[in-house]
Amino acid sequence: MGESISLSPALENYLEAILNLSEKNGTVHITDLAEYMQVAKASVSQAINTLVSLHMIKHEKYGPIEFTLLGKREAEKIREKHCILKRFLVEILQVNPHVAEKDACLMEHVVSEGTLEKLITFLQSQLQEPLHRERGIEKMSKAQVQSLNELRPGTKGKVIRVAAQGFIRRRILDMGLVPGTEVSVEGVAPLGDPMEIKVRGYMLTLRKSEASHVFVEVTEYARS
Amino acid sequence: MKILEAKETVIALAGNPNSGKSSLFNALTGSRQHVGNWPGVTVEKKEGRFSYRGLTFRVVDLPGTYSLGAHTEDEIIARDFLFSHPDIVVNVVDSTNLERNLYLTLQLLEMGASLVLVLNMSDEAKAKHIEIDQGRLSTLLGTPVVMTVAPRKEGIPELLERIVTLRGREPRETFRIKYREDIEEEIAKIEALLTLYPELTHRYPSRWLAIKLLEGEKRILQEMNRQSFMKHVFPQVEESKKRLIDRYGEDLETIFANQRYHFITRLVQECMRRKGEEKGTYTLSDRIDRVVTHRFFGIPLFLFTMWLVFQCTFALSEPLVGWIETLFTFLQEKATFILENLGVADFFISFLVDGVINGVGSVLVFVPPIFLLFLAISLLEDSGYIARAAYVMDRLMHILGLHGKSFIPLLLGFGCNVPGIMATRTLENREDRMITMLVNPFISCAARLPVYVLFTGVFFARHQGWIIFSLYLLGIVVAILTAKWFKRYLFKGETSHFVMELPPYRIPTVKGLFIHMWERGSSFIKKAGTIIIAMVVLIWILANLPFGVEYASNESIIGKLGTAMAPLLAPAGFGTWQTAVSLIFGIVAKEVVVGTLAVVYGVGEEGVGEMVRQHFTPLSAYAFMVMTLLYIPCVATIGAIRRESNSWGITIFALGYSLIVGWTMAVLIFQVGQLLGFH
Ligand SMILES: Nc1nc2c(ncn2[C@@H]2O[C@H](COP(=O)(O)OP(=O)(O)OP(=O)(O)O)[C@@H](O)[C@H]2O)c(=O)[nH]1
Ligand SMILES: [Mg+2]
C-alpha cells in the first residue's frame, strides 16, 4: 500500500464538498467548508493541509481554496461515482432521495475500490439517460476512464494519468507510458498476471498491480 | 591526468537493453562479448581496445538502460560511467523501435555528450518497411547518425570515420529541447543561480543540471547536497517545482518525461516513415507470441521446452561420452605399457597414469553434456524465448516469493551457478536479488551431473533420465521453499516490480550460438582444466602420503581425514571415509567428486562404477546424490555470492544453510527410505 494516492473516505468527502461549493459560490474558504460539512474549523484546516501536500488543492493562509488540475479531476471522479450510486438508488430502487444521499455515501466508502469501479461501470451502462442536473458529469461519463489492469485484451486507449509513486513511476514513464500515449492491451500471461500491452510500437509487460496505477481513457473496446 | 591518457580515446557504448551494443562492441574490437536476445545480458561494463588510423580507442560496453534515472544495479553502472565524461558516447539505437530508444538519446544529448547515434538493426527496420531519414535526424539532433547491422559489420567503417572526426572536438553547442514556455522560465531562473558557481558548471552543463535538479535526479541531488553553496540554489528549485506542479497538476518527473516524449513523437513523425504495413498489423513475432504466451499452451510449451533441453543434452552426448571413455582407458593402458618398458619407477608411472591422465579424462568425459546444455540455453537466449519465459512464469515466481526475472538466473544456474548469480543483477529490487542469489546454488549445475550420471548408471540404468530429472526437481523444490522462507523471515521488504520489454524474436545465428556455447563451455573447461586436474593430482599425492602407506588407503592423510568425518555421514547411509573425502574435495569444485572417488577407491575412471556398486546401495546412492546436489556450493560460486552480495555475513550464512539443508535431506531420504522398505 501507500504507493497509490488513494484518498481516505474523509478526504474524498472534502474534495467533493470543495467541488460543490466552488460551483455554487465561486470561491471556497475554510469557514464555508466547515459550515457546509458541519465540522470544526481545526479539522478542516488539517484536511486542507493534507490535500495541499498531495497536490490536490492550493491554499494560502486566509486565502481561498483552489483546485489543481489533478485535484479537480479527482473530485469530479468522486462526485461522479456518488451521483451514479444515488441515481441508481433513487431511479431504479425508488429509495427516498434523502436516504439515497446518505446510503450512496456509505456505499462508496465501504465497498472495495475494485468492486466499486466495476459497479459504477455496470450502473453507467444501465442508467442510459445523461445527467443534466450536475455539471461536468456528462463530460466524464462520455470519456471512459479506467485503470489499465481492468482492460481486456483488444482494448485501446490513451494514458491520462500515471498515479504510481517512486521508482515504479519512474520506470513506467521511462518506458514511454506518459500521459497522451496510445496503448492497446495485447494479452494476459497464462497464469493471469503480468499483462502485455503495445505502446509506442513495442511490447511491454507489466504486472496488474502496476498497471492499476495507470489510468486510461478508453477509445476502442475489445470486440467479442 | 587527462594529458597522460591523451593518446587513448574512451568510447562508451550506451543504449537501451537489447539494442545491439555488445554486437557492436564485438564488431569494433573483434573480441567475443556475450550477445543474447533478452534485455539485460550485459550486467557489467566490459572493456576492449582497438586501433584505427594509428589512434588507440578504449571501448566500454555498458549495460542497457532506458534512461539515466537509474534504478537497477546495472543501470547505475551505466549511468555512473556516462556521468564520468567519456570522450565519445556511441548511442546504439534499435531502428525498429525509435520512439522509445530516442528517449535515452535525448537525455545523453541534453547532458552534452559528444555523441554518435547508431541506428542499429537497420536490416530489421528495412524488413518492416521502416524508412528513416538519416540526414534529417542528424540535422534535427545536431549529431552524426550512422546506420549499421552490427553482427554483419555493416556500417562499421562509416562509424569509425565519424568517431575519428568527433574525437577531441569540443561539442559545439549543447543540444536543447525547447520545453514549454513556463518550464523554460523556471529552468532559466535556476540556471542563472547555477552559473554563479563555475566549479559546478565546469563539470556539468548548467542547463542540464537545472533540469536534473527540477526532476529530482537522486545521484545529482546527493552530489549537490554536499556542496555548501547549494543552499542558495535549493530554495529556488523548490519554488520552481511548486509553481510547475500547481500549473500542471503533475509532478516534475511526469512533466519532463512527457515533454521529451512529445518532442520524440514529433521528431519521429518527421524522420520516419512506415511503408506498406498498416499500424495495426501484427508481425510474425507477435503471432508467435500468441501461441507462446497462450492461455492454455503457454505453460505446457514452457515445460516441454525445458524437458527438451535436458533430454537433448543427455541423449545427444551419450555416444560422445562413450568414445571419450574408451579413448582414455586405451591411453592409460598404453602409457603404462610404454613407461614400464622405459623402466620408469612405479611410483612415477602411477602418478602419471592414475593422477594426471585419469584427471584429464574425468574432465573430458563431461564436456559433451555441458557444451550441449550451454548450446540449448544460448538458443533460448538468442531467439528471445527467455523473456517470454519470464513473462509466462512471473505469476508463479511471484507467488513463490521470486520475480519472473529470477527465472533467468535460475535457468542459467542449470549450466553453472556462477553466471546464474551474476545475472541476478538485472533484478531491480535488492530483496529479490538476494533471494535469487541465495537459492541459486540449489539449482543443479552441470558440474553435478557427473555424479548423477555415474550413480544412476550403476543403480538406475533403466530409469536414468527420470532419476536425474527427480534430482533437478528436488533442487528446484528446495530452492522454492528456501525462497519462500527467506522472503517471509529474512527479507520482509516491499514487493518487487515487473515492467519488462518483450524483444522481437530473432533467428539466432549459428555463429552466435557456437560462440556462446564455446565461451561458456570453455570457461567451464578452464575451471576444470586448472582446478579439477590440480585437485585430482593433489588427492593422488595426499593418498600416497605419508611415504610408504598403501596407495589411497585409510592410513594415508586423506584417509584419516575421511575417517574422522565418516561417522557424521553414517545416518545418510554413506558413512565411509572414501565418500567423506570426495565430498570434502567437492567443495573445491563439484566436478571432482567422481574423480576423487576414482582415486580413493584406487581405480581409474572406468572402474569407479564397479567400486560404487560394491560400496553403495540404490538408496544410499540416491542419498549421496542428494547430498552432492545440496551441500556447500563450490568455491567459485561462493566467490560469486560474496562478490554480488558484497557481504561476508550473507556468504557465510549461505554456506551454513546449504550444509544443514544438504545433510538433513540426505539423512531424511535414507532413513525414510529404509522405513518404507527400500534399500
Ligand atoms: N538483425 C539484427 N540483429 C541484431 C543486430 N544487432 C544485434 N542484433 C541481435 O540482437 C540481439 C541483442 O544484441 P546484443 O548485442 O546482446 O544487445 P545489447 O545491447 O548488448 O543488450 P544488453 O547487453 O542486454 O543491453 C542479439 O540476438 C543480436 O544478434 C542487427 O543489426 N540486426
Ligand atoms: Mg550487451
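Residues numbered from 1 in each chain as written. Chains lettered and ligands numbered in written order. Predicted model: local features only at pLDDT ≥ 70, side-chain atom pairs only at ≥ 80, totals over all residues. Heavy atoms only, no water.

**Focus: helix α26 (residues 592-600) of chain B**
Let me state the cut-off plainly: Throughout this description, buried means an accessible area under 20% of the type-specific maximum (1.4 Å probe, protein chains only), exposed means over 50%, and partly exposed covers the range between. Secondary structure is summarised from DSSP: a helix means a run of H or I of at least four residues, a strand means a run of E of at least two, and numbering begins at the N terminus for each.
Burial of α26 of chain B is extensive: nine of the nine residues sit out of reach of the surface. Within α26 of chain B, burial applies to Val592, Val593, Val594, Gly595, Thr596, Leu597, Ala598, Val599 and Val600 of chain B.

**Some points on the domain arrangement of chain A**
The accessible area lost on association of the parts is a frequent measure of interface size. Here is the rule we go by: Domain delimitation follows an automatic or database domain assignment.
Partitioning chain A into structural domains gives domain 1 (1-128) and domain 2 (133-220). Using C-alpha coordinates to define each centre, domain 1 of chain A is positioned 24 Å away from domain 2 of chain A.

**Remarks on the side chain of Glu501 of chain B**
Residue and element names in this part refer to chain B. We count it as follows: Distance and chemistry together define a polar contact, namely a pair of N or O atoms within 3.5 Å, with one atom able to donate a hydrogen and the other to accept it when in protein, and with adjacent residues in sequence counting only for side-chain atoms on both sides.
Residue position: Glu501 is located in strand β9 (residues 499-502). With relative accessibility at 5%, the residue Glu501 sits in the buried group. Separated by 2.9 Å, the side chains of Glu501 and Tyr66 make a polar contact. A polar atom in the side chain of Glu501 sits 3.3 Å from the side chain of Arg100.

**Side note on the packing of aromatic side chains**
All names here are of chain B. Let me state the cut-off plainly: Here a pair means two rings of Phe, Tyr or Trp (six-membered ring of Trp) with centres within 6.5 Å. Their orientation is stacked below 30 degrees between planes, edge-to-face above 60, and tilted elsewhere.
According to the stated counting rule, one finds 22 aromatic pairs over all chains in the structure shown. When the centroid spacing of 5.8 Å and the interplanar angle of 55 degrees are considered together, the rings of Phe371 and Trp518 count as tilted. With Phe371 in helix α16 (residues 367-383) and Trp518 in helix α23 (residues 510-544), the pair connects residues that are 147 residues apart, well separated along the chain. Pairing Phe574 with Phe624 gives two aromatic rings, centres 5.1 Å apart and planes at 85 degrees, and the pair type is edge-to-face. Remark: Phe624 occurs in helix α28 (residues 618-630) and Phe574 occurs in the loop between α24 (557-569) and α25 (577-586); sequence separation between them is 50 residues.

**Here we look at the domain arrangement of chain B**
Residues and elements named next belong to chain B. Keep this limit in mind: Contact definition: two residues touch when any of their heavy atoms are within 4.5 Å. Values labelled buried area give the accessible surface lost by two parts on being combined, using a 1.4 Å probe and summing over both. One speaks of a salt bridge when a side-chain nitrogen belonging to Lys or Arg is within 4 Å of a carboxyl oxygen belonging to Asp or Glu. Ten residue types, Ala, Val, Leu, Ile, Met, Phe, Trp, Tyr, Cys and Pro, are classed as nonpolar, four, Asp, Glu, Lys and Arg, as charged, and the remainder, Gly among them, as polar.
The domain architecture assigned to chain B consists of domain 1 (9-167), domain 2 (181-249) and domain 3 (317-491 + 509-675). Facing the 10 residues of domain 1 at the interface are eight residues of domain 2. Roughly 800 Å² is buried in total at the junction of domain 1 and domain 2, and carbon and sulfur atoms are behind 55% of that figure. Per-residue buried area on domain 1 facing domain 2 is highest for Phe83, Glu110 and Met111; these three make up 55% of the total on that side. Our enumeration of links across domain 1 and domain 2 arrives at two salt bridges. One salt bridge in this structure joins Asp80 and Arg219, with 2.7 Å as the shortest N-O distance. The tally of links between domain 1 and domain 2 comes to two residue pairs in polar contact (both at pLDDT 80 or more). Of the residues belonging to the side of domain 1 that touches domain 2, the class tally is four nonpolar, three polar and three charged.

**So, the pattern of salt bridges**
Residues and elements named next belong to chain B. Counting across every chain of the model gives 35 salt bridges over all chains. In this structure, the salt-bridge partner of Arg136 is Glu270, at a minimum N-O distance of 2.4 Å. Of this pair, Arg136 sits in helix α5 (residues 134-141) while Glu270 is found in helix α12 (residues 252-271), placing the two residues 134 residues apart along the sequence. Note on Arg136: relative accessible area 33%, which makes it partly exposed. Among the residues examined, Glu270 registers a relative accessible area of 38% and is labelled partly exposed.

**Description of the sheet that holds strand β2 (residues 46-52) of chain B**
All names here are of chain B. The condition is simple: Here a strand pair is declared whenever DSSP counts at least two bridges between the two strands. Fitting a line to C-alpha atoms yields each axis, with helices limited to the stretch in contact; the angle taken between N-to-C directions then spans 0 to 180 degrees.
The sheet built from six strands is open, its strands ordered β2-β3-β1-β4-β5-β7 with mixed pairing. The sheet terminates laterally at β2 and β7 (145-147), the two strands that pair on one side only. Here the strands of the sheet are splayed against their neighbours by 25 degrees on average, with no regard to which way each runs. With six bridges joining them, strand β4 (residues 88-94) and strand β5 (residues 115-120) adopt parallel strand pairing. Each residue of the ladder has a partner; that of Asn91, found in β5, is Leu117. Of the strands in this sheet, β1 (8-15), β4 and β5 touch helix α3 (residues 98-111), which is tilted by about 165 degrees from β4. Contacting β5 and β7, α5 crosses the sheet at an angle of about 150 degrees to β7.

**Focus: the interface of chain B and chain A**
On the side of chain A, 40 residues touch chain B, which itself brings 55 residues to the contact. Of the roughly 4,300 Å² buried between chain B and chain A, counting both surfaces, carbon and sulfur atoms make up 52%. The interface formed by chain B and chain A contains seven salt bridges. A salt bridge links Glu99 of chain B to Arg200 of chain A; the nearest nitrogen and oxygen atoms lie 2.7 Å apart. The interface formed by chain B and chain A holds 14 residue pairs in polar contact (both at pLDDT 80 or more) in total. Within the residue set of the side of chain B that touches chain A, elements represented by two or more residues are α3, α11 (234-248), α12, α13 (284-292), α14 (298-342), α17 (385-399) and β9 of chain B. At seven residues, α12 of chain B tops the list of elements feeding residues into the side of chain B that touches chain A.

**A few points about the sheet that holds strand β4 (residues 156-162) of chain A**
Within the open sheet, the seven strands sit side by side as β3(A)-β8(A)-β4(A)-β5(A)-β6(A)-β7(A)-β9(B). Their pairing is antiparallel. Each of the sheet's edge strands pairs with one partner strand only, and the pair in question is β3 (145-147) of chain A together with β9 of chain B. On average, adjacent strands in this sheet sit at an angle of 40 degrees to one another, irrespective of strand direction. Bridge analysis of strand β5 (residues 182-188) of chain A against strand β6 (residues 195-199) of chain A gives five bridges, and the strand direction is antiparallel. Bridge assignment links Ser184 of chain A to a residue of β6 of chain A, and that residue is Lys198 of chain A. Of the strands in this sheet, β5, β6 and β7 (202-206) of chain A together with β9 of chain B are in contact with α13 of chain B, which crosses β6 of chain A at around 170 degrees.

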